[in-house]
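Residues per chain are reported as follows:
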Amino acid sequence: MNERRDEKWLDEELRRAVNTTRPEFDAEAWKRDHAEAYEALIARGQTTSGAGRGARCTVRLMAGWLAAAAVLLVGVAILLMQMPSRDPQGPVSRGPVKVTSPVKVVSMMTLRMAYCQGGEEGLNRQLDAALRTLGPRPNGLSMQDLFNDSDS
Amino acid sequence: MCVDMKTRALLVVVTGSLLLRWVSPVAAYPPDPDNAALVYYQALLLCEQVDDEVREVLSDFARGELEANAEIRECVGRFQAAIEYATVAARMQHCNWGLRFSQGFSMQLPYLAPMRFLHWVVLSDARLQAADGDYRTAFARCLDVRRMGQHVGDDTLISMLVAVALDRSANARIRDLLADSGADVATLQWLKNEMADMSGKLPSARRPMGYEREIAMGIMRPEKLDLLVQVFEGSGTELTEEQIAMADEDFLARNREYYSKFLTSLQTALGAPGSYEQRYQKLTELTDQMTKAADEAAAATLTALFAPGLGKIYSHQVLAEANANATQAAVDIFIIRAETGRFPQALPAGLPKDPFSGQDFAYERTGKGFVLRCPGRDLQKDMVHEYAFAVK
């Protein structure tokens with residue numbers, strides 16, 4: 001008898017005992033009426049808890065190994081991401097080049113690096129970032145303004 | 001008496017000319033600038049600052065990924081002054097952006113990003129003109145963007161790459177407009193002549209490489225070591241402490257020599273006669289040798305950091321040429337269609353060729369149009385480019 005079937009059986013018993021679809025369980029009364037069954041359940045619970053401890057240990061051990069493997073993988077991934085590309089022909093896809101000052105965002109070297117690191121897409125990303133930072137003019141026009149104006 | 005008459009007549013003419021010059025409105029103010037960059041800068045100042053979403057909508061619309069609607073018309077309408085200034089600038093001959101080469105790699109190139117945005121605005125206007133049936137103005141806008149690309153120019157390798165991207169984008173829009181098939185023979189003939197005038201004017205990598213050589217060698221000096229370190233700061237390829245420690249006069253002199261020789265060999269390879277494939281392989285071979293040398297010899301250390309991946313840049317350049325040539329060839333094919341009512345069975349003779357192979361484009365009829373295929377392979381992208389035209 002597995003645990004799921006135990007629960008089903010117990011529900012049936014309870015329903016029968018109180019004659020309602022919403023069972024209200026009187027545990028003490030049930031223990032008195034079904035002493036044998038209660039003892040059997042207690043004994044099974046103790047056996048199960050011993051086996052459960054063993055299983056939990058195995059699971060903990062496996063989880064430890066998995067965690068260690070995950071840490072190792074993340075470490076390798078971070079190392080790989082931080083290594084500069086040795087191949088000048090092969091672009092590495094990244095975000096815009098991080099610059100210390102907004103003035104540097106459109107310097108020849110920053111744009112060159114953006115291209116070296118991400119090819120044409122990298123350069124475009126850097127130019128988009130420059131447009132956001134420096135922009136043509138500060139008299140902003142948002143999409144919302146655009147819709148508001150055309151609605152009126 | 002006769003002399004007096006002549007003298008009087010001369011006096012009258014001279015006085016009259018002076019008076020005319022004085023009262024003429026043309027003489028009342030200085031002439032317009034003859035430097036396109038000054039007019040572009042004004043166009044950029046006339047552009048409203050827009051958010052990312054508006055920029056995206058405009059570029060998507062220009063690319064044909066959105067249909068025209070009232071909002072887009074309203075948005076493009078806000079840029080009319082900028083478009084007008086940009087198209088005037090595009091038709092000027094000289095363009096000097098006033099770059100401060102003396103600043104070396106710290107030189108600012110602030111016009112590239114807004115020029116790239118402005119090209120989407122002008123191409124959006126081209127699509128609106130076509131939607132209204134004015135194909136001539138639509139094509140003219142696209143040609144202006146090609147001229148903008150030529151003006152963005154080849155002062156630096158980066159500006160050359162942006163220039164090539166603008167040209168490619170404008171050609172793609174011309175091909176879209178051709179497929180819309182609303183243009184008449186006269187418009188297409190005019191387009192053909194305009195494109196013929198522009199052919200062979202694409203920016204090349206040779207000139208900027210010369211400038212970059214001077215800039216790079218200028219900072220490979222002991223007294224510029226701080227600048228050299230600063231150039232790579234935050235780039236992801238910073239100089240290591242070990243490299244900085246060994247950067248004495250001798251190290252830098254040997255690096256200058258190696259870099260100079262390497263750049264000379266790249267420039268020679270670019271200028272040498274031969275096919276795309278031969279040039280590409282030579283450039284790749286030289287770059288591989290340099291990369292290997294950088295692992296083994298200290299003299300190649302800085303070259304590995306400074307040298308551009310020229311095989312890739314060269315392929316960008318050739319691809320832009322293939323785009324332009326395919327577009328030009330397509331115009332001829334559409335002229336035949338406009339004259340005869342159908343596409344030719346075979347590719348007409350004498351059309352621009354595929355620069356990847358040096359041969360004619362392969363021409364194939366399809367259900368609704370045709371395809372032009374490059375017989376040569378793009379070795380950088382390892383693919384064959386083709387241009388499909390499906391009449392709507």
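Just so it is clear, the structure is predicted and the values come from calculations on it, not from any experiment.

### Thoughts on the overall build of chain A
Next, step 1: Helices and strands together make up the secondary structure of chain A, namely five helices and zero strands.
Next, step 2: Reading the secondary structure of chain A in the N-to-C direction produces α-α-α-α-α.
Next, step 3: Expressed as a percentage of the 152 residues in chain A, the buried residues total 17%.
Next, step 4: Across chain A, the fraction of contacts at a sequence separation of at least 24, relative to all contacts at a separation of at least 6, is 47%.

### Let's talk about the overall build of chain B
Next, step 1: What chain B contains, in helices and strands, is 17 helices and three strands.
Next, step 2: With respect to the three principal axes, the spread of C-alpha positions in chain B is 80 × 75 × 50 Å.
Next, step 3: Going through the 392 residues of chain B one by one, you find that 43% of them count as buried.
Next, step 4: For chain B, the share of sequence-separated contacts (at least 6 apart) that also reach a separation of at least 24 residues comes to 70%.

### A short note on the environment of Gly369 of chain B
Residue and element names in this part refer to chain B.
Next, step 1: Structurally, Gly369 is set in strand 2 (residues 369-373).
Next, step 2: For Gly369 and Phe334, which are 35 residues apart along the polypeptide, the C-alpha to C-alpha distance reads 9.8 Å.
Next, step 3: Gly369 has contacts with Ala179, Phe343, Phe389, Ala390 and Val391, leaving out every residue within four places of it along the chain.

### Structural notes on the nonpolar core
It is characteristic of soluble globular proteins that their nonpolar side chains tend to be buried jointly.
Next, step 1: The biggest cluster of nonpolar side chains holds 128 residues, and the ones touching the most others in it are Tyr40, Ala86, Leu112, Leu118, Val121, Leu161 and Ala330 of chain B.
Next, step 2: Once residues within four sequence positions are removed from consideration, Ala330 of chain B is found in contact with Arg175, Leu178, Leu372, Tyr387 and Phe389 of chain B.

### Side note on the environment of Arg256 of chain B
Residues and elements named next belong to chain B.
Next, step 1: Among the structural elements, Arg256 can be located in helix 14 (residues 249-271).
Next, step 2: Arg256 sits 43 residues away from Ala299 along the chain, and the two C-alpha atoms are 8.1 Å apart.
Next, step 3: Beyond its immediate sequence surroundings of up to four residues, Arg256 is in contact with Met217 and Met220.

### So, the sheet that holds strand 2 of chain B
All names here are of chain B.
Next, step 1: A sheet is described by the order of its strands in space; here three strands give the open sequence 1-2-3, paired in antiparallel fashion. Single-partner strands in this sheet number two, and they are strand 1 (362-365) and strand 3 (386-390). Mean inter-strand twist for the sheet, computed between neighbouring axes without regard to direction, equals 15 degrees.
Next, step 2: Of the pairings in the sheet, the one linking strand 2 to strand 3 comprises five bridges and is antiparallel in character. Counted as the bridge partner of Leu372 is Tyr387 from strand 3.
Next, step 3: Sheet strands touched by helix 17 (residues 310-340): strand 2 and strand 3. Its angle to strand 2, the strand with the most contacts, is close to 150 degrees.

### A look at the confidence of the model for chain B
Predicted coordinates in areas of low pLDDT are best not read in detail.
Next, step 1: Predicted confidence across chain B gives a mean pLDDT of 90, with 94% of residues reaching 70 or more.
Next, step 2: Overall fold confidence for the complex sits at a pTM of 0.73, while the interface term, ipTM, reaches 0.77.

### Considering unusual backbone geometry
All names here are of chain B.
Next, step 1: One non-glycine residue, Asp382, lies in the positive phi region at around 55 degrees.
Next, step 2: Topologically, Asp382 is positioned in the loop between strand 2 and strand 3.
Next, step 3: A tally of 7 C-beta atoms within 10 Å means that Asp382 is categorised as exposed.

### A short note on the environment of Leu45 of chain B
All names here are of chain B.
Next, step 1: Within the secondary structure, Leu45 sits in helix 3 (residues 36-45).
Next, step 2: For Leu45, a count of 13 C-beta atoms within 10 Å corresponds to the partly exposed category.
Next, step 3: Note: C-alpha distance between Leu45 and Pro114 (69 residues apart in sequence) is 9.6 Å.

### Things to note about helix 17 of chain B
Next, step 1: For helix 17 of chain B, built from 31 residues, the straight-helix expectation of 45 Å at 1.5 Å per residue is met to within 8% by its first-to-last C-alpha distance of 45 Å.
Next, step 2: In terms of burial, helix 17 of chain B is largely enclosed, as 23 of its 31 residues are buried.

### Some details on the domain arrangement of chain B
All names here are of chain B.
Next, step 1: The assigned domain composition of chain B is domain 1 (1-30), domain 2 (33-203) and domain 3 (206-308).
Next, step 2: With eight residues of domain 2 at the interface, the matching set in domain 3 holds nine residues.
Next, step 3: For the side of domain 2 that touches domain 3, the per-class residue count stands at four nonpolar, two polar and two charged.

### Re the confidence of the model for chain A
Residue and element names in this part refer to chain A.
Next, step 1: Summarising the model, chain A shows a mean pLDDT of 60, and 22% of its residues fall at 70 or more.
Next, step 2: Considering only residues more than four positions removed or in separate chains, one finds that residues 13-25, a stretch of pLDDT under 50, has six contacts.
Next, step 3: Predicted confidence is poor over residues 81-93, with pLDDT under 50, and the contacts of this stretch with residues over four places away or in other chains come to 22 contacts.

### Points about the packing of helix 3 of chain B against helix 6 (residues 80-90) of chain B
Residue and element names in this part refer to chain B.
Next, step 1: Relative orientation of the contacting elements helix 3 and helix 6 amounts to 170 degrees, with a least axis distance of 8 Å. Relative to helix 6, the element helix 3 is oriented roughly antiparallel. From helix 3, Ala36, Val39, Tyr40, Gln42 and Ala43 reach across to helix 6, where they touch Ala82, Tyr85, Ala86, Val88 and Ala89.
Next, step 2: When grouped by side-chain class, the residues that make up the contact of helix 3 with helix 6 number nine nonpolar, one polar and no charged.

### Thoughts on the pairing of strand 1 of chain B
Residue and element names in this part refer to chain B.
Next, step 1: Here strand 1 pairs with strand 2 via four bridges, running antiparallel. Directly across from Arg365, in strand 2, lies its bridge partner Phe370.
Next, step 2: The hairpin turn running from strand 1 into strand 2, its antiparallel successor, is three residues long.

### Section: the packing of helix 8 (residues 135-152) of chain B against helix 9 (residues 157-180) of chain B
Residue and element names in this part refer to chain B.
Next, step 1: For the pair helix 8 and helix 9, the least separation of the axes is 7 Å and the interaxial angle reads 165 degrees. Considering their axes alone, helix 8 and helix 9 lie roughly antiparallel with respect to each other. In this structure, the crossing between helix 8 and helix 9 has a hand that is left-handed. Contacts between helix 8 and helix 9 pair Tyr135, Ala138, Phe139, Cys142, Val145, Arg146, Met148, Gly149, Gln150 and Val152 from the former with Ser159, Val162, Ala163, Leu166, Asp167, Ser169, Ala170, Arg173, Ile174 and Leu177 from the latter.
Next, step 2: Considered class by class, the residues forming the contact of helix 8 with helix 9 number 13 nonpolar, four polar and three charged.

### Things to note about helix 10 (residues 185-198) of chain B
All names here are of chain B.
Next, step 1: Look at helix 10: 20 Å from first C-alpha to last across 14 residues, which is about the 20 Å you get at 1.5 Å a residue.
Next, step 2: Restricting attention to buried positions, one finds in helix 10 the residues Thr187, Leu188, Leu191 and Met195. All buried residues of helix 10 project into a common sector of 95 degrees when viewed along the axis, lining one side. Across from the buried face of helix 10, at angles greater than 90 degrees, the exposed residues are Ala186, Asn193, Ala196 and Asp197.
Next, step 3: Those residues of helix 10 that are buried lie in contact with helix 8 and helix 17.
Next, step 4: The positive-phi residue at the C-terminal boundary of helix 10 is Gly200, with phi of around 80 degrees.

Definitions and cut-offs
- Residues numbered from 1 in each chain as written.
- Chains lettered and ligands numbered in written order.
- Predicted model: local features only at pLDDT ≥ 70, side-chain atom pairs only at ≥ 80, totals over all residues.
- Helix = DSSP H or I, 4+ residues; strand = E, 2+ residues; numbered from the N terminus.
- Buried ≥ 20, exposed ≤ 12 C-beta atoms within 10 Å, placed from the backbone.
- Contact = placed C-beta atoms within 7 Å.
- Core = buried A, V, L, I, M, F, W, Y, C linked by C-beta atoms within 7 Å.
- Pairing = 2+ DSSP bridges.
- Axes fitted to C-alpha atoms, helices over the stretch in contact; angles between N-to-C directions.
- pLDDT = per-residue confidence, 0-100.
- Expected span 1.5 Å × (residues − 1).
- Domains from an automatic or database assignment.
- Nonpolar A, V, L, I, M, F, W, Y, C, P; charged D, E, K, R; others polar.
- Parallel < 35°, antiparallel > 145°, perpendicular 65-115°, else oblique.
- Left-handed = near helix turned anticlockwise from the far one by under 90°.
- Arc of directions from axis to C-beta.

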